[in-house]
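# Commentary on secondary and tertiary structure
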Amino acid sequence: MHHLVDRLSPTQVRRLRLLVTQDEELSQVAQSLSVVDANEDEESVPAGLLALIGSVNGPEDLAERHDDYIRERMRERFGDLA
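I will try to describe carefully the structure that is included in this document. This is a predicted model, so every value here is computed, not measured.

## Examining the pattern of salt bridges
A full pass over the atoms with the stated rule returns 2 salt bridges. Between R65 and D68 there is a salt bridge, with its nearest N and O atoms 3.4 Å apart. Relative accessible area serves as the criterion here: at 33%, R65 is assigned to the partly exposed category. Between R71 and D68 there is a salt bridge whose closest N-O contact spans 3.2 Å. Of this pair, R71 and D68 are both found in helix α5 (residues 66-78), 3 residues apart, which corresponds to roughly one turn of the helix. Of the residues examined, R71 reaches a relative accessible area of 38% and is grouped as partly exposed. In this structure, a network of salt bridges that share partners links the residues R65, D68 and R71.

Here you go:
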């Protein structure tokens with residue numbers, strides 16, 4: 001189930017959450033998790049991570065096109081053999 005949710009777009013996740021909150025049994029679980037999540041949010045993010053966020057300079061799609069950028073840099077350095 002984790003793998004499925006990880007593959008959903010943010011819009012799809014919102015729709016799934018809406019479906020869960022509309023189900024009588026699942027909504028009780030979701031509400032109990034929301035209370036726990038709200039209490040743990042501040043503690044669950046490592047201090048070093050907050051310092052790292054925003055410190056990477058690059059194109060907006062760097063994470064999505066990482067392999068393409070690496071391949072391009074290898075071609076620039078080593079020619080078409082890379």
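## Side note on α5
For α5, which comprises 13 residues, the first-to-last C-alpha distance of 18 Å matches the rise-based estimate of 18 Å (1.5 Å per residue) to within 8%. The positive-phi residue at the C-terminal boundary of α5 is G79, with phi of around 85°.

The rules behind the values
Residues numbered from 1 in each chain as written. Predicted model: local features only at pLDDT ≥ 70, side-chain atom pairs only at ≥ 80, totals over all residues. Heavy atoms only, no water. Salt bridge = Lys/Arg side-chain N within 4 Å of Asp/Glu carboxyl O. Buried < 20%, exposed > 50% of the residue type's maximum accessible area, 1.4 Å probe, protein only. Helix = DSSP H or I, 4+ residues; strand = E, 2+ residues; numbered from the N terminus. Expected span 1.5 Å × (residues − 1).

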